[in-house]
Amino acid sequence: MQHAGGAPLPPPHAPGQPPHDWAQGTEPERTTALRPGAPTAGPTAPIPQPPPYQPGPPRPEPTTAQLPAPPHPPTPAPHHAGAPQPPGQGWHGPAPQHASARPPSRDTTGHVALPPGGPVPLPQAPEGTGATTLAVLLIGPAGAGKTTVARYWAQHRRVPTAHISLDDVREWVCSGFADPQSGWNDHSEAQYRLARRTCGFAARNFLANGISCILDDAVFPDRPVVGLGGWKRHVGPGLLPVVLLPGLEVVLERNAERSGNRRLSDEEVAGIHGRMAGWYGSGLPIIDNSQYDVPTTARLLDDVLARTIASPPSW
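It should be emphasised that the depicted structure is a prediction, and the values quoted were computed from it without experimental measurement.

**A closer look at the side chain of lysine 146**
Turning to step 1, where the next piece is worked out: Position of lysine 146 among the secondary structure elements: in helix α1 (residues 146-155).
Turning to step 2, where the next piece is worked out: Buried and without a salt bridge, lysine 146 has aspartate 216 as its closest oppositely charged side chain, separated by 5.3 Å.
Turning to step 3, where the next piece is worked out: Dropping the residues within four chain positions of it, lysine 146 is found in contact with Leu138, Ile139, Gly140, Pro141, Asp216, Asp217, Ala218 and Leu244.

Written out as structure tokens, the structure is:
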């Protein structure tokens, strides 16, 4: 170490020896230690003395421009996924373990796992009438199967649905019943109108309580005021009429299988069937169920009603 003036510090002197006179540039003579019994040497040769210290001019302090640039820190090697990291400065233990960086999976978004499977499909429109509350009038000649189809359709809907048959209500009259086999007269016409009003009243009560209903009747197109118009007055303007009209041969065959007052003569069946042909061109939906069984006809009826709800006919 140096003094502020630049002169070196003098070495410490041993005990029993005089201090060195560094300022005069002299050093005391060395003495050789004599061992007992050792030969005595000749006169000691003089030890060459170092040249006296000559203080030189003070060194100028280095400027900022002359200072060496600090060394750059070494560039760390690129880190690869899964490679162990070297320990830091002063760290003598094992290198810390880091979770390996894995690429995100396709089945995750953020921290929420996606459900397995393909893309979500577009919602499908419900088939048929679904859960719609309806009032339906199924029209057809005797032997068309309208009562059987109407009951089957009502039983297999997903919502409560009632079936009201005009012929069943007419037969509520036990004594004095106007039998259709006796012909159509004022007495039978009066009972028919009474039964239709009763059916309309029951249908409105069902609809007011959220229960759909389907009615069936042999409504003639040449009597719109008494037939279809009367049903709309008693049930309401939202009544949906559908015509069930198979071929004449099918109607005659089914009529022959009937018994009691439900069975008509072939002439009456043919006459009613001919009058029902007037529904063609009326705009009402018509189903020819000559080749269909009851479940297929009921499914066609449901499809027809669904289309009628989407675009009501102008009748």
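Still to come is the rest of the account.
**Some details on the sheet that holds strand β6 (residues 240-244)**
Turning to step 1, where the next piece is worked out: Strand order in this open sheet of 5 strands is β4-β5-β3-β6-β7, and the pairing throughout is parallel. The open sheet terminates on both sides in strands that have one partner only, identified here as β4 (161-165) and β7 (286-287).
Turning to step 2, where the next piece is worked out: Across 2 bridges, β6 lies against β7 in parallel orientation. From the neighbouring strand, leucine 244 faces β7, where its bridge partner is isoleucine 287.
Turning to step 3, where the next piece is worked out: Strands β3 (135-139), β5 (212-217), β6 and β7 of the sheet are contacted by helix α7 (residues 294-310), whose axis makes an angle of about 140 degrees with β6.

**Some thoughts on the confidence of the model for the protein**
Close reading of the predicted structure is inappropriate where its pLDDT is low.
Turning to step 1, where the next piece is worked out: Mean pLDDT over the protein stands at 75; residues scoring 70 or higher make up 57%.
Turning to step 2, where the next piece is worked out: Within the model, the stretch residues 22-36 combines pLDDT values under 50 with 7 contacts to residues more than four positions away or in other chains.
Turning to step 3, where the next piece is worked out: Below a pLDDT of 50 lies the segment residues 122-126, which in the model reaches 0 contacts outside its immediate sequence neighbourhood of four places, other chains included.

**Concerning the packing of aromatic side chains**
Turning to step 1, where the next piece is worked out: Going through the model one piece at a time under the given rule, you end up with 0 aromatic pairs.
Turning to step 2, where the next piece is worked out: The residue whose ring lies beneath arginine 275 is phenylalanine 220, and the NZ or CZ to ring-centre distance is 3.7 Å.

**Section: the layout of surface pockets**
Turning to step 1, where the next piece is worked out: Here the largest pocket defines a volume of roughly 970 Å³.
Turning to step 2, where the next piece is worked out: Looking at the largest pocket, it is lined by 39 residues, and the ones nearest its centre are Ala142, Asp167, Ala218, Leu264 and Ile272.
Turning to step 3, where the next piece is worked out: For the lining of the largest pocket, the secondary-structure elements that each account for two or more residues are α1, α2 (166-170), α3 (186-208), α6 (266-276) and α7.
Turning to step 4, where the next piece is worked out: Here the lining of the largest pocket takes 4 residues from α1, the largest share from any one element.
Turning to step 5, where the next piece is worked out: Across the lining of the largest pocket, the residue classes break down as 16 nonpolar, 9 polar and 14 charged.

**Examining the side chain of histidine 273**
Turning to step 1, where the next piece is worked out: Looking at where histidine 273 falls in the secondary structure, it is placed in helix α6.
Turning to step 2, where the next piece is worked out: In this view, histidine 273 contacts Pro141, Leu245, Pro246, Gly247, Leu248 and Val251; residues no more than four positions away in its chain are not counted.

**Thoughts on the environment of serine 188**
Turning to step 1, where the next piece is worked out: Within the secondary structure, serine 188 is located in helix α3.
Turning to step 2, where the next piece is worked out: A residue is classified by how much of its surface remains accessible, and serine 188, at 1% relative accessible area, is buried.
Turning to step 3, where the next piece is worked out: C-alpha separation for the pair serine 188 and arginine 170, spaced 18 residues apart in sequence, amounts to 9.6 Å.
Turning to step 4, where the next piece is worked out: Ignoring anything within four residues of it in the chain, the contact list for serine 188 reads Ala178 and Gly183.

**A word on the packing of helix α5 (residues 248-256) against α6**
Turning to step 1, where the next piece is worked out: The N-to-C vectors of α5 and α6 enclose an angle of 140 degrees; their axes lie 10 Å apart at closest approach. Our classification of the angle between α5 and α6 gives oblique. For the pair α5 and α6, the crossing hand works out as right-handed. Listed contacts from α6 to Leu248, Val251, Leu252 and Asn255 of α5 are Asp266, Val269, Ala270 and His273.

The rules we used
- Residues numbered from 1 in each chain as written.
- Predicted model: local features only at pLDDT ≥ 70, side-chain atom pairs only at ≥ 80, totals over all residues.
- Heavy atoms only, no water.
- Helix = DSSP H or I, 4+ residues; strand = E, 2+ residues; numbered from the N terminus.
- Buried < 20%, exposed > 50% of the residue type's maximum accessible area, 1.4 Å probe, protein only.
- Lys, Arg positive; Asp, Glu negative; His and termini not counted.
- Salt bridge = Lys/Arg side-chain N within 4 Å of Asp/Glu carboxyl O.
- Contact = heavy atoms within 4.5 Å.
- Pairing = 2+ DSSP bridges.
- Axes fitted to C-alpha atoms, helices over the stretch in contact; angles between N-to-C directions.
- pLDDT = per-residue confidence, 0-100.
- Phe/Tyr/Trp six-rings, centres within 6.5 Å; stacked < 30°, edge-to-face > 60°.
- Lys NZ or Arg CZ within 6 Å of the ring centre and 35° of its normal.
- 1 Å grid on protein atoms, 1.4 Å probe; cavity = no way out; pocket = protein on both sides within 12 Å on 5 of 7 lines; lining within 4 Å.
- Points joined across faces, edges and corners; volume = space filled by probe spheres on them.
- Nonpolar A, V, L, I, M, F, W, Y, C, P; charged D, E, K, R; others polar.
- Parallel < 35°, antiparallel > 145°, perpendicular 65-115°, else oblique.
- Left-handed = near helix turned anticlockwise from the far one by under 90°.

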